[in-house]
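Report on the structure
Spelled out, the chains give:
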Amino acid sequence: MFKKILVPVDGSETAWRALNNALEIGKKFESEILVVNVIQPYNNAALLAVPLDHATINQGNSELEKVGDKVLELTREMVGSYPHKVEYDMEVGHPSERIIALSKKAEVDAIVLGSRGLSGIAEFFLGSVSSKVSQYATVPVLIVK
């Protein structure tokens, strides 16, 4: 039923709970797990109110990539000895858009994600990532609180 499960992670507590739920579901269905961390670059952020020069933006984006790498590294540790295939991916762009696009491209059977991430004020203005994913995804979505 769930041959491939997509799990977006951002380092938040609900993302870790979602990952644990996905792993438990995956064990029962012998599912492949696809973990993704989506970074939203500064030059793509809708709420950037302070004009920054190109060098500052590039430095900020580089730091975001380092944070994304750390999140995926922590994820690898948490996944541990999961008995089935696990893939890790980092995407750049708006989180809900990248998650939905990846779910189609990778032909996943389900998405398991946390109800609230680390997006803070951006989430308030742009709408919840989990809400948008559940609204526009073409596969079942499990939102973990």
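Here, the structure is the one placed above.
1. Some points on helix 3 (residues 95-105)
- Turning to helix 3, its buried residues number three or more, namely P95, S96, I99, I100, L102 and S103. Each buried residue of helix 3 lies within a common arc of 165 degrees when the element is viewed along its axis, so the set occupies one face. Residues E97 and K105 are exposed on helix 3 and point more than 90 degrees away from its buried face.
- Contacts from the buried residues of helix 3 go to strand 1 (4-8), strand 2 (32-39), strand 3 (86-92), strand 4 (110-114) and helix 5 (129-136).
- Directly beyond the C-terminal end of helix 3, a positive phi value near 55 degrees is found at E107.

2. With respect to the packing of aromatic side chains
- Under the definition given, this model contains one aromatic pair.
- A centroid spacing of 5.2 Å and a plane angle of 85 degrees characterise the contact between F2 and F29, whose relative ring orientation is edge-to-face. With F2 in the segment before strand 1 and F29 in helix 1 (residues 13-29), this pair connects stretches of sequence that are 27 residues apart.
- A cation sits over an aromatic face here: R76 above Y88, 4.3 Å from the ring centre.

3. With respect to the pairing of strand 1
- The element strand 1 is extensively covered by neighbouring structure, given that five of its five residues are classed as buried.
- Here strand 1 shows no split at all, with K4, L6 and P8 on one side and I5 and V7 on the other all buried.
- Note: strand 1 against strand 2, five bridges, orientation parallel. In the strand pairing of strand 2, L6 is matched with L34.
- A crossover connection joins strand 1 to the parallel strand 2 through helix 1; in handedness this β-α-β unit is right-handed.

Scoring rules and cut-offs
Residues numbered from 1 in each chain as written. Predicted model: local features only at pLDDT ≥ 70, side-chain atom pairs only at ≥ 80, totals over all residues. Heavy atoms only, no water. Buried < 20%, exposed > 50% of the residue type's maximum accessible area, 1.4 Å probe, protein only. Helix = DSSP H or I, 4+ residues; strand = E, 2+ residues; numbered from the N terminus. Arc of directions from axis to C-beta. Contact = heavy atoms within 4.5 Å. Phe/Tyr/Trp six-rings, centres within 6.5 Å; stacked < 30°, edge-to-face > 60°. Lys NZ or Arg CZ within 6 Å of the ring centre and 35° of its normal. Pairing = 2+ DSSP bridges. Right-handed = clockwise from strand over helix to strand, strands pointing away.

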